[in-house]
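Each chain, written out:
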Amino acid sequence: MEWKKIAVLGAGSWGTALALSLAKNGRSVCLWGRNSASMAEMERTRENKKYLPGVRIDENVSFTDNAGEALAGAEAAVYVVPAQAFRSCFQDTHACLKAEIPVINCAKGIERGTHRLISQIAAEIRPDVRFAVLSGPSHAEEVARGLPTTLTAASKDLGTAACVQDLFMSDSLRVYTSLDVVGTELGGALKNIIALGAGISDGMGYGDNAKAALMTRGLREMARLGAALGADRNTFTGLSGVGDLIVTCTSMHSRNRRCGIMIGEGTAPDEATEKVGMVVEGMYTTEAAYELAEACGVEMPITEQIYRVIRGDVTAEEAVRTLMGREKKHED
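In this report, the structure presented in the accompanying data block is examined.

The rules behind these values
Residues numbered from 1 in each chain as written. Predicted model: local features only at pLDDT ≥ 70, side-chain atom pairs only at ≥ 80, totals over all residues. Heavy atoms only, no water. Core = buried A, V, L, I, M, F, W, Y, C linked by side-chain atoms within 4.5 Å. Buried < 20%, exposed > 50% of the residue type's maximum accessible area, 1.4 Å probe, protein only. Helix = DSSP H or I, 4+ residues; strand = E, 2+ residues; numbered from the N terminus. Contact = heavy atoms within 4.5 Å. Salt bridge = Lys/Arg side-chain N within 4 Å of Asp/Glu carboxyl O. Pairing = 2+ DSSP bridges. Axes fitted to C-alpha atoms, helices over the stretch in contact; angles between N-to-C directions. Left-handed = near helix turned anticlockwise from the far one by under 90°. Nonpolar A, V, L, I, M, F, W, Y, C, P; charged D, E, K, R; others polar. Phe/Tyr/Trp six-rings, centres within 6.5 Å; stacked < 30°, edge-to-face > 60°. Parallel < 35°, antiparallel > 145°, perpendicular 65-115°, else oblique. Polar contact = N/O pair within 3.5 Å; in protein donor to acceptor, adjacent residues only side chain to side chain. Disulfide = S-S within 2.5 Å. Right-handed = clockwise from strand over helix to strand, strands pointing away.

Overview of the nonpolar core
- In terms of nonpolar packing, the biggest core is built from 41 residues, with Leu-190 and Cys-259 touching the most fellow members.
- Listing elements by their share of this core, those giving two or more residues are α8 (181-203), α9 (208-228), α10 (239-250), α11 (255-264), α12 (269-276), α13 (281-296), α14 (301-311) and α15 (316-324).
- With residues up to four places along the chain from it excluded, the contact list for Leu-190 reads Ile-110, Met-222, Leu-225 and Ala-289.
- By size, the runner-up hydrophobic cluster in this structure holds 38 residues, among which are Leu-52, Ala-76, Cys-163 and Leu-167.

Take a look at the structure:
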């Protein structure tokens with residue numbers, strides 16, 4: 001299926017980068033954002049100066065602060081709003097979607113309070129939703145500049161996943177397909193928790209050994225919770241699992257890592273989040289994942305300690321001592 005007009009909802013760095021990728025592929029893209037002044041400035045300057053300075057926006061991209069206008073006649077809807085805002089955004093906009101229009105989510109997170117994944121929220125609001133998730137190791141700053149990137153498009157319907165693959169594939173963006181929606185969503189969400197931990201470790205002055213341990217054992221926690229929720233463990237060794245984990249734990253493009261570094265240096269968690277200046281999904285996902293693990297009876301010691309640190313229950317030093325002092329175990 002050849003989708004020509006695409007609506008992209010969310011005009012942050014990732015939404016803008018994806019709009020550029022779609023425009024590069026010859027699609028007509030309407031980019032929606034809530035802030036009318038920001039959208040007018042982007043239209044005038046052909047640049048997202050706040051989130052992607054220095055990157056020119058293709059003429060195939062139009063701008064609006066009216067979601068209904070963005071979705072009118074669209075053949076696919078790409079949602080790139082923060083995970084905690086997805087419910088309200090989808091609730092407000094789903095009536096504008098034509099029947100059977102593919103809904104492609106690109107946010108990474110677990111809803112606080114309900115512990116629901118984005119796919120579950122979408123199905124709750126729109127039971128007939130044709131849902132796909134696009135995830136993987138992908139900094140917006142690199143995708144917007146056409147640097148080589150690989151992603152996973154997951155849907156319960158392989159045909160839908162293949163359509164998303166065709167929609168985004170280019171000479172600089174390679175997309176694989178998957179049927180494991182839950183695993184792909186969880187990989188993208190849970191890696192932000194471990195990235196916070198990696199940043200805290202860096203901020204405390206620890207070395208490569210500590211970060212490698214956090215990433216490796218953190219990946220095991222991600223797969224453990226995923227399996228309990230019906231995901232395929234193999235998904236966590238792929239792009240949306242270990243791939244996204246590596247890029248988020250090692251790069252200064254990562255908001256979660258930057259936030260963690262400040263916490264490790266002694267900045268209060270709330271202040272660190274504010275200084276990052278953008279949504280730090282890991283701060284919300286940590287709480288949701290900790291509560292979800294408790295409810296499922298899944299052991300996630302790293303997640304638990306990061307949760308306690310960002311709540312202010314323990315210091316980072318105390319969390320490290322707790323993790324290093326756990327009882328002896330066989331590696332599993």
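So, the environment of Glu-69
- Position of Glu-69 relative to the elements: it lies in helix α3 (residues 67-71).
- Residues in contact with Glu-69, not counting those within four places in the same chain, are Lys-5 and Thr-64.

Some remarks on the pattern of salt bridges
- Counted under the stated rule, the structure contains 20 salt bridges.
- Here Asp-128 ties to Arg-126 by a salt bridge, and the two come within 2.8 Å at their closest N and O atoms.
- Note on Arg-126: relative accessible area 13%, which makes it buried.
- Residues Arg-326 and Glu-299 are paired through a salt bridge, measuring 2.9 Å at the closest nitrogen-oxygen approach. Of the two residues, Arg-326 is situated in the segment after α15 and Glu-299 in the loop between α13 and α14; the sequence distance between them amounts to 27 residues.
- Accessibility expressed as a relative area gives 33% for Arg-326, which makes it partly exposed.
- Three or more residues are tied together by salt bridges with common partners; here these are Arg-87, Glu-111, Arg-116 and Glu-124.

What to know about the sheet that holds strand β10 (residues 173-178)
- Taking strand neighbours across the sheet as the criterion, the eight strands line up as β5-β2-β1-β6-β7-β8-β9-β10 in an open arrangement whose pairing is mixed. In this open sheet, the two strands that pair with only one neighbour each are β5 (61-64) and β10. Taking the axes of each pair of neighbouring strands and ignoring which way they run, one obtains an average angle of 25° across the sheet.
- Contacts from α8 reach β8 (130-135), β9 (149-154) and β10, with the element oriented near 40° to β8.

Quick word on the packing of α9 against α10
- The N-to-C vectors of α9 and α10 enclose an angle of 145°; their axes lie 11 Å apart at closest approach. You can see that α9 and α10 cross each other, and the crossing is right-handed. Facing α9, whose interface residues are Lys-211, Met-215, Leu-219 and Met-222, α10 presents Gly-241, Val-242, Leu-245, Ile-246, Cys-249 and Thr-250.
- Per-class residue counts for the contact of α9 with α10 are seven nonpolar, two polar and one charged.

Let's talk about the packing of aromatic side chains
- Counted under the stated rule, the structure contains four aromatic pairs.
- For the ring pair Tyr-290 and Tyr-307, a centre distance of 4.2 Å and an interplane angle of 15° mean the geometry is stacked. Residue Tyr-290 is found in helix α13, and its partner Tyr-307 is found in helix α14; the two are separated by 17 residues along the sequence. Pair check on accessibility: Tyr-290 and Tyr-307 agree, each one buried.

Focus on the packing of α8 against α11
- For the pair α8 and α11, interaxial distance at closest approach is 6 Å and the crossing angle is 40°. Taken together, the axis directions place α8 and α11 in an arrangement best described as oblique. In the crossing of α8 with α11, the sense of the turn from one axis to the other is right-handed. When α8 is examined against α11, the residues Asn-192, Ala-195, Leu-196, Gly-199, Ile-200, Asp-202 and Gly-203 are found in contact with a partner set consisting of Asn-256, Arg-257, Cys-259, Gly-260, Ile-261, Ile-263 and Gly-264.
- A per-class count over the contact of α8 with α11 returns six nonpolar, six polar and two charged.

What to know about the side chain of Glu-111
- Inspection of the secondary structure puts Glu-111 in the loop between β7 (102-105) and α5 (118-125).
- A polar contact is formed between the side chain of Glu-111 and the side chain of Thr-114, at a distance of 2.5 Å.
- When sequence neighbours within four positions are dropped, the list of residues in contact with Glu-111 reads Gln-84, Arg-87, Arg-116, Ile-121 and Ala-288.

Describing the environment of Glu-274
- In this fold, Glu-274 is placed in helix α12.
- Residues Glu-274 and Glu-327, spaced 53 residues apart in sequence, show a C-alpha to C-alpha distance of 37 Å.

Examining the environment of Ala-74
- Positionally, Ala-74 belongs in the loop between α3 and β6 (76-79).
- Its relative accessible area of 0% is what places Ala-74 among the buried residues.
- Sequence-wise, Ala-74 and Val-8 are 66 residues apart; in three dimensions their C-alpha atoms are separated by 9.6 Å.
- Among all residues touching Ala-74, those that are not within four sequence positions of it are Lys-5, Ala-7, Lys-98 and Ile-101.

Section: the state of the cysteines
- Scanning the entire structure with this criterion turns up zero disulfides.
- The thiol sulfur of Cys-259 is not disulfide-bonded, and the nearest other cysteine sulfur, from Cys-249, lies at 14 Å.
- Residue classification places Cys-259 among the buried residues on the basis of a relative accessible area of 0%.

Here we look at the pairing of β9
- Within β9, five of the six residues are buried, which leaves the element mostly enclosed by the surrounding structure.
- The pairing of β8 with β9 spans three bridges and is antiparallel. Paired with Ser-135 across the two strands is Thr-152, which belongs to β9.
- In this view, the connection linking β9 to its parallel neighbour β10 by way of helix α7 (residues 158-168) has right-handed handedness.

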